[in-house]
Amino acid sequence: QLGKPALNDMRAGLATAPVLLAAEEQPGLISLIRRKFKGASDVQYALEMVHDSRGVQRAKELAAQHAQLAAQQIEALPASSSPYVLAAREALINITHRVLVRSK
């Protein structure tokens, strides 16, 4: 689901991952992206095309892949018995999960 922040990004001329991924299925988005959604109905038209694509789902899948890779890299760090290192490592892994479930 694209929320208010995504709409604000488009209004600011920015194409986020869901929009870019949707453009692979909805070629009409490409011209809107190139002109930075400056047309009168560009944002609304882009929103409709994103909803009619798998852009949002694919962006979520991509984020999950990157979060998993990040967690794997954190887990691959050298072992330590320091409670501070263990706490920091756990916090970093938690962050990789939290970014996937955040609503803002």
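This text follows the structure it describes.
This write-up is about the structure you can find in this document. Values in this document were obtained by computation on a predicted structure and should not be read as measured data.

Comments concerning the side chain of Asp-42
(1) Moving on: With respect to the secondary-structure elements, Asp-42 resides in helix α4 (residues 42-51).
(2) Moving on: Here Arg-35 takes part through its side chain, which lies 2.7 Å from a polar atom of the side chain of Asp-42.
(3) Moving on: Apart from the residues within four sequence positions on either side, Asp-42 is in contact with Leu-32, Arg-35 and Phe-37.

So, the nonpolar core
Side chains of a nonpolar character, in soluble globular proteins, are inclined to be buried together.
(1) Moving on: Met-10, Val-19, Leu-29, Leu-32, Phe-37, Ala-46 and Val-50 are the most contacted members of the largest nonpolar core, which totals 14 residues.
(2) Moving on: Looking at this core, the elements that each hand over two or more residues are α1 (4-11), α2 (17-23), α3 (28-34) and α4.
(3) Moving on: Per element, the largest residue contribution to this core is five residues, and it comes from α4.

Brief notes about the pattern of salt bridges
(1) Moving on: Tallying each qualifying case throughout the model produces three salt bridges.
(2) Moving on: Arg-35 is the salt-bridge partner of Asp-42, the closest N and O atoms lying 2.7 Å from each other.
(3) Moving on: The exposure class assigned to Arg-35 is partly exposed, which follows from its relative accessible area of 42%.
(4) Moving on: Where Arg-54 meets Glu-61, a salt bridge forms, and the shortest distance between an N and an O atom there is 3.3 Å.
(5) Moving on: Judged by its relative accessible area of 34%, Glu-61 falls in the partly exposed class.

Here is what the cut-offs are and how they apply
Residues numbered from 1 in each chain as written. Predicted model: local features only at pLDDT ≥ 70, side-chain atom pairs only at ≥ 80, totals over all residues. Heavy atoms only, no water. Helix = DSSP H or I, 4+ residues; strand = E, 2+ residues; numbered from the N terminus. Polar contact = N/O pair within 3.5 Å; in protein donor to acceptor, adjacent residues only side chain to side chain. Contact = heavy atoms within 4.5 Å. Core = buried A, V, L, I, M, F, W, Y, C linked by side-chain atoms within 4.5 Å. Buried < 20%, exposed > 50% of the residue type's maximum accessible area, 1.4 Å probe, protein only. Salt bridge = Lys/Arg side-chain N within 4 Å of Asp/Glu carboxyl O.

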